Amino acid sequence: MVRRRHWAGPTGLGLAVIYLSLIVLIPLGAVVYKSQEGGFSAFWHALTAPQPWAALKLTVYSSLIVAAINLVMGTLIAWVLVRDRFPGAGIVDTLIDLPFALPTIVAGLVLLALYGPNSPVHVNIAYAKIGVVAALLFVTLPFVVRTVQPVLAELDTDMEEAAASLGASQWAIARRVILPNLLPAMLAGTALSFARAVSEFGSTVLISGNLPFKTEVAAVNIFNQIEADNTLGAAALSTALLVIALVVMLLLEVVRRWVARRG
Amino acid sequence: MANAPSRPARYGIRFVALGYLLVLLVVPLILVVKRTFSSGLGAFFDALTGSQAAHAFEITAIVAGVAVLANTIFGVGAALLLVRHKFPGRRLFDAVIDLPVAVSPVVVGLALTLIYGAHEPVGGWLTRHGLQIIFSLPGMVLATIFVGLPLVVRAVAPVLEEIGDEQEQAAYTLGSSVWQTFWRITLPSIRGALAYGVVLALARSLGEYGAVAVVSGRILGQTQTITLFVEERFENFDQTAAYSAAFALAVLAVLSLLVARRLRPAGHTR
């Protein structure tokens, strides 16, 4: 069918491109430009200055830990929600999305209520590295659950039953039948949770105390550098975060293509 | 099921998964409720109706309202472009819409400051012409638009794809204009998905903290949103106000979650 030519298409596209450019593309471009204004060595020098470098290392390490925990716990939670229909599963299913809906600053406050200085269970992880990890676990909880859950729900139990009838043990079925089918979704969710953890700001502000060299994550360091008018330093670390996010997104695309090819 | 894990294994997994949710999510949430009302219901309402809190709620409502309106118009337009039109660079356009998800809120704030700050060429020119963006409401609106940008597009596009364009083509054939077709045919059929996207965008906009913290300059009584209020009150040892406002935000989050679940178009996983 021949599509009617009309002014609405081109005009709309023009407006949409202007909107994206003014709000997203030009400002982000300015960050990268600012970081390279003094040449690559100035960028590298600003990025590897002791405090931002320590913040970046803390961020990447704790995000890796968080991603690994999410990979295991997220898959287990998804399995429980799909295969182990227990009473109250519906409520738990709704609860999973809460970390996405809750403002990040509230998430930090929520964790402080239980694990802060006035903890009723006498567990104080405020101002410690483990507090950062806890905050990141909280805000990234839904990623793996929500990517694995639909795949697991669609997964036919025929294969598992066939394997069982041929005498395969439970463990062998989990490892040889279920896991390979879930792996792409598990990896995609893990990558998303890693990317989110690396860029996280609000939830870590209250619980970490933002101690330089100890609990200051990259986003908080950028914030402090902006406040101190150290624009080059802030732009350098921001660019590093953007590059990490870009690499993760590319890896996700690779996983998607790999899945598409396997069919 | 013959292949189901044995009972002990299943209970074991259930115990681990639910225990994790309990210590990470459920118990902390219960404690927030307890902390909020530890000084009584009166203190809770006093904290929320004080002039500073009321002003912060007002700022949040204005900023989130304008940002959601802008993203709704953009979102429907962009979804229509992506689904109904073919144009060079379509895949790039598609990818750029998802970009805000991957950007740290603080980086959003820095990015906007580097263009629209009063000491930058563009921002300086605008300031001289009477439009201050950074450390003022327009910048906070821009930051909030940035972080919520993909939500409406991603809610509407799959539904547009699904319904196809046969009805729209029929309307054109019968002489209906682009606007008439949009209002009478397209909009009614994407109503549910649009409402779903708007609720998600609204929740995201009400709760935005990092990007707004940077561009607002956190000026008390002027650019303080409700999330900034939570942080500022907490740092100043006013726990009652901090927890009261946080509780109000949490209630809004839960409400939006329940509404979004009802509105979620079939087939959407998130």
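Thresholds, definitions, all that
Residues numbered from 1 in each chain as written. Chains lettered and ligands numbered in written order. Predicted model: local features only at pLDDT ≥ 70, side-chain atom pairs only at ≥ 80, totals over all residues. Helix = DSSP H or I, 4+ residues; strand = E, 2+ residues; numbered from the N terminus. Buried ≥ 20, exposed ≤ 12 C-beta atoms within 10 Å, placed from the backbone. Contact = placed C-beta atoms within 7 Å. Nonpolar A, V, L, I, M, F, W, Y, C, P; charged D, E, K, R; others polar. Core = buried A, V, L, I, M, F, W, Y, C linked by C-beta atoms within 7 Å. Domains from an automatic or database assignment. Axes fitted to C-alpha atoms, helices over the stretch in contact; angles between N-to-C directions. Parallel < 35°, antiparallel > 145°, perpendicular 65-115°, else oblique. Left-handed = near helix turned anticlockwise from the far one by under 90°.

Right, let's talk about the overall build of chain A for a bit. Within chain A one finds 13 helices and zero strands. Order of helices (α) and strands (β) in chain A, N terminus to C terminus: α-α-α-α-α-α-α-α-α-α-α-α-α. If you line up chain A on its principal axes, its C-alpha atoms span 70 × 65 × 35 Å. Here chain A holds 263 residues, and 48% of them are scored as buried. Of all intrachain contacts in chain A linking residues separated by at least 6 positions in sequence, the fraction that spans at least 24 positions is 78%.

Take the overall build of chain B next. When helices and strands are tallied, chain B shows 12 helices and zero strands. Of the regular secondary structure in chain B, the N- to C-terminal order runs α-α-α-α-α-α-α-α-α-α-α-α. With the C-alpha coordinates of chain B rotated into their principal frame, the extents come out at 75 × 65 × 30 Å. Within chain B, the proportion of its 270 residues that are buried is 46%.

Residues and elements named next belong to chain B. Within the secondary structure layout, Ala248 lies in helix 12 (residues 239-263). On the neighbour-count criterion, Ala248 (19 C-beta atoms within 10 Å) is partly exposed. Each C-alpha atom, one on Ala248 and one on Glu162, is 37 Å from the other, the two residues being 86 residues apart in sequence.

On to the interface of chain A and chain B. Facing the 70 residues of chain A at the interface are 68 residues of chain B. It is helix 1 (residues 8-36) of chain A that contributes the most residues to the side of chain A that touches chain B, 16 residues altogether. A class-by-class count of the residues in the side of chain A that touches chain B yields 53 nonpolar, 10 polar and seven charged.

Bringing the nonpolar core into the picture now. Ranked by internal contacts, the top residues of the largest apolar core, which has 172 residues, are Leu109 of chain A together with Leu110, Val156 and Ala246 of chain B. The greatest single-element share of this core, amounting to 16 residues, is contributed by helix 7 (residues 137-163) of chain B. Here this core spans two domains, and each of domain 1 (1-36) and domain 2 (40-262) of chain A adds at least three residues to it. The residues contacting Val156 of chain B, other than those within four sequence positions of it, are Gly75, Val76, Ala79, Ile190, Ala193, Leu194 and Gly197 of chain B.

Below, the discussion takes up the domain arrangement of chain A. All names here are of chain A. Each domain of chain A was delimited in the assignment, giving domain 1 (1-36) and domain 2 (40-262). If you average the C-alpha positions of domain 1 and of domain 2, the two centres end up 31 Å apart. With five residues of domain 1 in contact, the opposing surface of domain 2 contributes eight residues. Split by residue class, the side of domain 1 that touches domain 2 holds two nonpolar, two polar and one charged.

Next up on the list: unusual backbone geometry. Residues and elements named next belong to chain A. Phi at His122 takes a positive value of approximately 60°, unusual for a residue other than glycine. Inspection of the secondary structure puts His122 in the loop between helix 6 (104-115) and helix 7 (129-140). Classification of His122 as exposed rests on a count of 6 C-beta atoms within 10 Å. The phi torsion at Phe213 lies on the positive side, around 70°, for a residue other than glycine. Relative to the helices and strands, Phe213 resides in the loop between helix 11 (202-208) and helix 12 (218-227). Here Phe213 falls in the exposed class, since 11 other C-beta atoms lie within 10 Å of it.

So, about helix 4 (residues 90-102) of chain B. Buried within helix 4 of chain B we find Val96, Ile97, Pro100 and Ala102 of chain B. Packing partners of the buried residues in helix 4 of chain B comprise helix 1, helix 10 (170-199) and helix 13 (231-262) of chain A together with helix 3 (51-84) and helix 7 of chain B.

As a further point, take the environment of Gly139 of chain B. Residues and elements named next belong to chain B. Relative to the elements of secondary structure, Gly139 occurs in helix 7. For the pair formed by Gly139 and Thr113, sequence separation is 26 residues and the distance between their alpha carbons is 8.3 Å. Not counting residues up to four positions away in its chain, the partners in contact with Gly139 are Leu112, Tyr116, Ile133, Ile134 and Val215.

So, about the packing of helix 3 (residues 50-83) of chain A against helix 8 (residues 142-154) of chain A. The geometry of a pair of packed helices is captured by two quantities: the angle between their axes and the separation between those axes. All names here are of chain A. Packing of helix 3 against helix 8 leaves a shortest axis separation of 8 Å and a crossing angle of 45°. Comparing their axes, helix 8 and helix 3 come out oblique. As for how helix 3 packs across helix 8, the hand of that crossing is right-handed. Across from Asn70, Leu71, Gly74, Thr75, Ile77, Ala78, Trp79, Leu81 and Val82 in helix 3, the residues of helix 8 making contact are Phe143, Val144, Val145, Val148, Gln149, Leu152 and Ala153. For the contact of helix 3 with helix 8, the class distribution of residues is 12 nonpolar, four polar and no charged.

Moving on, we come to the packing of helix 3 of chain A against helix 7 of chain A. Residue and element names in this part refer to chain A. At their nearest, the axes of helix 3 and helix 7 sit 9 Å apart, and the two run at 50° to each other. With respect to their mutual orientation, helix 3 and helix 7 come out oblique. Read as a crossing pair, helix 3 and helix 7 show a hand that is right-handed. Touching Ser62, Ser63, Ile65, Val66, Ile69 and Asn70 of helix 3 are Lys129, Val132, Val133, Leu136, Leu137 and Thr140, all from helix 7. Residue classes in the contact of helix 3 with helix 7 are distributed as seven nonpolar, four polar and one charged.

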